[in-house]
Amino acid sequence: MFVGSLTLGTSFCSLWQVFRIEDEFGRWIYYTVTFLLFKTFMTLFAVPYGAMLPELTPNYNERTNLVTYKVMIAYSITLLLGFGQARLLAQLAHPRISYIIGSIISSLVFTGSALITTLCLRETPIKELELKKIQNEKEGEFVNDNENNDNTNIIGDEEESRSRLKEVVLEVWCCLRNRSFMALVGVSLFCWVASQTTATVLQLYLRYVVRNPKGFQWVFLIIISSSLISIPFWSAFARRFGKKSTFAVGKSVSVIVLFCLFFVGGSSPVWTFYLVFFLIGLFGSVTVLIPWSMLPDVIEQDVLETGLRREGIYYALFVMLQKLSVAVSSSSTNFALGAAGYISPDSPRFNGQQPYSVVLTLNLFVSIFPCACGILALICLYFYPISRDRHNEMRQHSKDEL
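Residues numbered from 1 in each chain as written. Predicted model: local features only at pLDDT ≥ 70, side-chain atom pairs only at ≥ 80, totals over all residues. Heavy atoms only, no water.

Caption draft 1: The arrangement of the packing of helix α8 (residues 179–208) against helix α13 (residues 311–340) in detail. Taken N-terminus to C-terminus, the directions of α8 and α13 make an angle of 40°; their axes are 8 Å apart at the nearest point. One finds that α8 runs oblique with respect to α13. For the element pair α8 and α13, the recorded crossing hand is right-handed. Judged by residue contacts, Phe181, Leu184, Val185, Ser188, Leu189, Trp192, Val193, Gln196, Thr197, Thr200, Val201 and Leu204 of α8 engage Tyr314, Leu317, Phe318, Leu321, Gln322, Ser325, Val326, Ser329, Ser330, Thr333 and Leu337 from α13. When its residues are assigned to classes, the contact of α8 with α13 shows 14 nonpolar, nine polar and no charged. (Axes fitted to C-alpha atoms, helices over the stretch in contact; angles between N-to-C directions. Helix = DSSP H or I, 4+ residues; strand = E, 2+ residues; numbered from the N terminus. Parallel < 35°, antiparallel > 145°, perpendicular 65-115°, else oblique. Left-handed = near helix turned anticlockwise from the far one by under 90°. Contact = heavy atoms within 4.5 Å. Nonpolar A, V, L, I, M, F, W, Y, C, P; charged D, E, K, R; others polar.)

Caption draft 2: Spotlight on the confidence of the model for the protein chain. Mean pLDDT over the protein chain stands at 80; residues scoring 70 or higher make up 84%. Long-range and interchain partners of residues 128–152, a stretch whose pLDDT sits below 50, account for seven contacts in this model, where long-range means more than four residues apart. (pLDDT = per-residue confidence, 0-100.)

Caption draft 3: Local environment of the environment of Gln217. Among the structural elements, Gln217 can be located in helix α9 (residues 216–241). Taking the C-alpha atoms as reference points, Gln217 and Gln203, 14 residues apart in sequence, are found 9.5 Å from one another.

Caption draft 4: Layout of helix α10 (residues 243–261). With 19 residues, α10 ought to run about 27 Å at 1.5 Å a step, and its terminal C-alpha atoms sit 27 Å apart, in line with that. Buried within α10 we find Lys243, Thr246, Phe247, Gly250, Lys251, Ser254, Val255, Val257, Leu258 and Leu261. In an axial view of α10, the angular spread of the buried residues amounts to 165°, which keeps them on one side of the axis. (Expected span 1.5 Å × (residues − 1). Buried < 20%, exposed > 50% of the residue type's maximum accessible area, 1.4 Å probe, protein only. Arc of directions from axis to C-beta.)

Caption draft 5: View of the nonpolar core. Counting 43 residues, the largest nonpolar core has Phe181, Leu295, Tyr315 and Phe318 as its most contacted members. Among the secondary structure elements, those contributing two or more residues to this core are α2 (24–51), α4 (60–89), α8, α9, α12 (286–306), α13 and α14 (356–382). The greatest single-element share of this core, amounting to nine residues, is contributed by α12. The contacts of Phe181, once residues within four sequence positions are left out, are Cys175, Leu176, Leu295, Val298, Tyr314, Leu317 and Phe318. Leu202, Val255, Phe273 and Val366 belong to the second-largest nonpolar core, a separate cluster that totals 24 residues. (Core = buried A, V, L, I, M, F, W, Y, C linked by side-chain atoms within 4.5 Å.)

Caption draft 6: A look at α14. The end-to-end C-alpha distance of α14 is 38 Å, a good match for the 39 Å that 27 residues give at a rise of 1.5 Å each. At Leu364, α14 is bent by approximately 45°, the largest bend along its length. (Bend = angle between axes of the 7 residues up to and from the residue.)

Structure (structure tokens):
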């Protein structure tokens, strides 16, 4: 986390620098490598940061409160940096200077908040029982090594590397066999694909379907603000009725809203689209709050059943699948728009409008497609077995065994 904190801001700042590189391939190399470094350093911080959440509290409701606090802080910073800072820097005459100032401010915020988190957190010491188990496993490995003391050191190192690789693969396989985790992955993956697909084509949707190309910043403000307002409500709702019921209610309503969005034509008043996006942010915020508060419960269930702590593996898989959804969404939308006959604005054939097939595709990507993903997420939620009562039973059973 400390290394990720120091490098996260630097890589983000480098990403927004405008260099006079005449070679187009050279520009592509620079920004591709910089973007990959930024994502790598972000993952380096995000995985251990998320893996600490199960250790902060064993309480079912307090975990929702912690995620609520984290999400509200993230949304607030997003509003300040994504909207407020952008409006302020837009007053500058030179875009290059605004990029430099904006990237420096954002980098300082990222690095400062990450360092504060890293320096203030304290990891929970390994319990004596787990420590004893680890020591016994190591003693067993030493015994096996002594039986083969005729081998050379090189062969021993190779066998140890293979053994460690085999152990990692086995741990990952055990996580993937966890029914609760796979159900939660299904819920989250469909939500991520839906949101990333919408984010990818939203600007094109506003330009060619809504016919309001300058409305992107206002849609961004409406969605983030309504999500920020609704998070405390959904947190209280989850404490009263449970996480599973909260997600089901919020996602069901957002599915209905998304379905209605398909029938809001381009001739409709702009305020109707703003109202729909406000409702999407209001009810769709459960897709951010609930799955991340469910993951610590899944990890605790695994600990109680196996006695092993695999927080790092669970969160690494979760983050990896989230990034996979971004790649799948971006590539699939580009392919679909190309197949529908999308005309680039730089093309001589472009007359300011897109073919009806492209307009229909954009409308489907923003309304029907995320609606279908929401239904699939609800189906996966049905197979998620951990409720508040089930969580309390597991903890009580563990106490009785001790």
